[in-house]
Amino acid sequence: MGYSVGQVSGLAGVTVRTLHHYDRTGLLSPGARSPAGYRLYSDTDLARLQQILFYRELGFALDEISAILRDPQTDAMDRLRARHRLLTEQIAELRRLADLAERAMEVQCTGVELTPEERSDVFGEVAFDLSYATEAQLKWQDSEAHRHSMSSAAAHTKEDWKRIMAEAQTWRTRLTRAFDAGAAPDGETAVELAEEHRRHIGRWFTPCPADVHTRIADDFAADPRAFALVVPPSEQRPGLAAFLRTAVHANAVRGATPESGRERS
């Protein structure tokens, strides 16, 4: 019993035309014919087809596959080693291109144009999550504040970013210390920290009125990717994002109260 060309096509996932081509070139000629003259493939033929498809998947040309199958013991290993080297080089090049594409997207989404080395030097563990940056851009693309923030970020020099991140690190240390010490999220210390954060945004990126600041803090509490922009995962604690959100909302309420006597900018 043999398999018809149609059956082999369905089993192997190749076209009938491809099987006919393999037959014409001598790469895979079926071992038998039906009484009506139709090709019939044996189990041995199917095993050979599997080998052909394996080498095709690795990118070998048909004449190379034919040479390997003629003398697999002496030819296959050398050719496989050469293919492995080539594929490894191609993977490295594709990774390089992917990194370039990711960097280009990061610049478009965040406005921060630094080399990878500069990013590591300036930002340390604080990293932009590209998926979040893309979603944020889509979410806020019609916002004048977002456009102003992106423009400011693009205009900052490496030295500007170093000052920004140093200021943020000092603030972050005080935030985590207050949280660890059990400060009330709507108490004086936490609210002052919230106000400092609001002014930091206004000073370096875009005017940040209380309603904008509360929306930012809501994102911090709702999305770990957003909170990682201000507190890297290694410095986070369970509940810290919610602590900051409560402090920001309390600060917004306090700023709206006339008797607070706090200057707003």
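Here the structure is a predicted model, which is why all the values come from computation and not from measurement.

Participant: Hey, could you run me through the packing of aromatic side chains in this one?
Facilitator: Given two aromatic rings, one states the distance between the centres and the angle between the planes to describe the pair. Summed over the entire model, instances satisfying the criterion amount to five aromatic pairs. Seen in terms of ring centroids, tyrosine 55 and phenylalanine 60 are 5.6 Å apart; in terms of plane orientation they differ by 80 degrees. Their pairing is edge-to-face. Given a relative accessible area of 2%, phenylalanine 60 falls into the buried group. Pairing phenylalanine 220 with phenylalanine 227 gives two aromatic rings, centres 6.1 Å apart and planes at 55 degrees, and the pair type is tilted. Look at phenylalanine 220 and you get buried, because its relative accessible area is 8%. Connected via pairs of aromatic rings, a cluster forms that spans Phe54, Tyr55 and Phe60. Cation over ring: arginine 83 sits above phenylalanine 60, and NZ or CZ is 4.6 Å from the ring centre.

Participant: Explain the packing of helix H10 (residues 188-204) against helix H11 (residues 210-222) to me, please; I cannot follow it from the model alone.
Facilitator: Each packed pair of helices is defined by two parameters, the angle between the axes and the distance between the axes. At their nearest, the axes of H10 and H11 sit 11 Å apart, and the two run at 110 degrees to each other. The orientation of H10 with respect to H11, classified from their angle, is roughly perpendicular. Of the residues in H11, those in contact with Ala194, His197, Arg198 and Ile201 of H10 are His213, Ile216 and Phe220. Among the residues making up the contact of H10 with H11, the classes are represented as four nonpolar, two polar and one charged.

Participant: How should I be thinking about the nonpolar core in this particular structure?
Facilitator: When a protein is soluble and globular, its nonpolar side chains tend to lie buried together. In this structure, Leu175, Phe220, Phe227, Val231, Leu240 and Leu244 are the most contacted members of the largest nonpolar core, which totals 18 residues. Of all the elements in the fold, those that place two or more residues in this core are helix H9 (158-180), H10, H11, helix H12 (224-227) and helix H13 (240-255). Per-element accounting of this core gives the leading share, six residues, to H13. Ignoring anything within four residues of it in the chain, the contact list for phenylalanine 220 reads His197, Ala226, Phe227, Val230, Ala241 and Leu244. Ranked by size, the runner-up nonpolar core spans 17 residues in total, among them Val8, Leu46, Ile65 and Leu69.

Participant: Hey, could you run me through the packing of H10 against H13 in this one?
Facilitator: Remark: H10 packs on H13, axes separated minimally by 8 Å, with the N-to-C direction vectors making an angle of 85 degrees. By the criterion of interaxial angle, the relationship of H10 to H13 is roughly perpendicular. Across the interface between the two elements, Glu188, Ala190, Val191, Ala194, Glu195 and Arg198 from H10 touch Phe243, Ala247, Val248, Ala250, Asn251 and Arg254 from H13. Among the residues forming the contact of H10 with H13, the class breakdown is seven nonpolar, one polar and four charged.

Participant: Looking at this structure, I do not really get the pattern of salt bridges. What am I missing?
Facilitator: Pairing is possible between side chains of opposite charge, provided their charged atoms come close. Enumeration according to the criterion identifies 16 salt bridges in this entry. The shortest N-O distance in the salt bridge between glutamate 64 and arginine 83 comes to 3.8 Å. Of the two residues, glutamate 64 is situated in helix H4 (residues 62-70) and arginine 83 in helix H5 (residues 72-110); the sequence distance between them amounts to 19 residues. Residue glutamate 167 is joined to arginine 203 by a salt bridge in which the shortest nitrogen-to-oxygen separation is 2.7 Å. A residue pair is termed long-range when its members are at least 10 positions apart, and glutamate 167 in helix H9 and arginine 203 in helix H10 qualify at 36 residues. Connected through salt bridges with shared partners, the residues Asp23, Arg33 and Arg39 form a single ionic network.

Participant: Any chance you could explain the confidence of the model for the chain here in plain terms?
Facilitator: In regions of low pLDDT, the predicted coordinates are not meant to be interpreted in detail. Taken residue by residue, the chain gives an average pLDDT of 82. The fraction at 70 or more is 75%. Predicted confidence is poor over residues 258-265, with pLDDT under 50, and the contacts of this stretch with residues over four places away or in other chains come to 17 contacts.

Participant: What is the right way to read the environment of leucine 27 from this model?
Facilitator: Among the secondary structure elements, leucine 27 is positioned in the loop between helix H2 (16-25) and strand S1 (32-33). Sequence separation of leucine 27 and leucine 69 is 42 residues, and the distance between their C-alpha atoms is 8.8 Å. Apart from residues no more than four positions distant in its own chain, leucine 27 is found in contact with Tyr22, Arg48, Ile52, Leu62, Ile65, Ser66 and Leu69.

Participant: I'm lost on helix H1 (residues 5-12) in this one. Help?
Facilitator: Turn by turn, an α-helix covers 3.6 residues, leaving residues three or four places apart pointing in a common direction. Every buried residue of H1 is accounted for by Val5, Val8 and Ser9. Take H1 and look down its axis: the buried residues cluster within an arc of 105 degrees, on one side only. Facing away from the buried side of H1 by over 90 degrees, the exposed positions are Gly10 and Leu11. Residues of H1 that are buried make contact with H2, strand S2 (39-40) and helix H3 (43-57). Phi turns positive one or two residues past the end of H1, at glycine 13, with a value near 75 degrees.

The rules behind these values
Residues numbered from 1 in each chain as written. Predicted model: local features only at pLDDT ≥ 70, side-chain atom pairs only at ≥ 80, totals over all residues. Heavy atoms only, no water. Phe/Tyr/Trp six-rings, centres within 6.5 Å; stacked < 30°, edge-to-face > 60°. Buried < 20%, exposed > 50% of the residue type's maximum accessible area, 1.4 Å probe, protein only. Lys NZ or Arg CZ within 6 Å of the ring centre and 35° of its normal. Axes fitted to C-alpha atoms, helices over the stretch in contact; angles between N-to-C directions. Helix = DSSP H or I, 4+ residues; strand = E, 2+ residues; numbered from the N terminus. Parallel < 35°, antiparallel > 145°, perpendicular 65-115°, else oblique. Contact = heavy atoms within 4.5 Å. Nonpolar A, V, L, I, M, F, W, Y, C, P; charged D, E, K, R; others polar. Core = buried A, V, L, I, M, F, W, Y, C linked by side-chain atoms within 4.5 Å. Salt bridge = Lys/Arg side-chain N within 4 Å of Asp/Glu carboxyl O. pLDDT = per-residue confidence, 0-100. Arc of directions from axis to C-beta.

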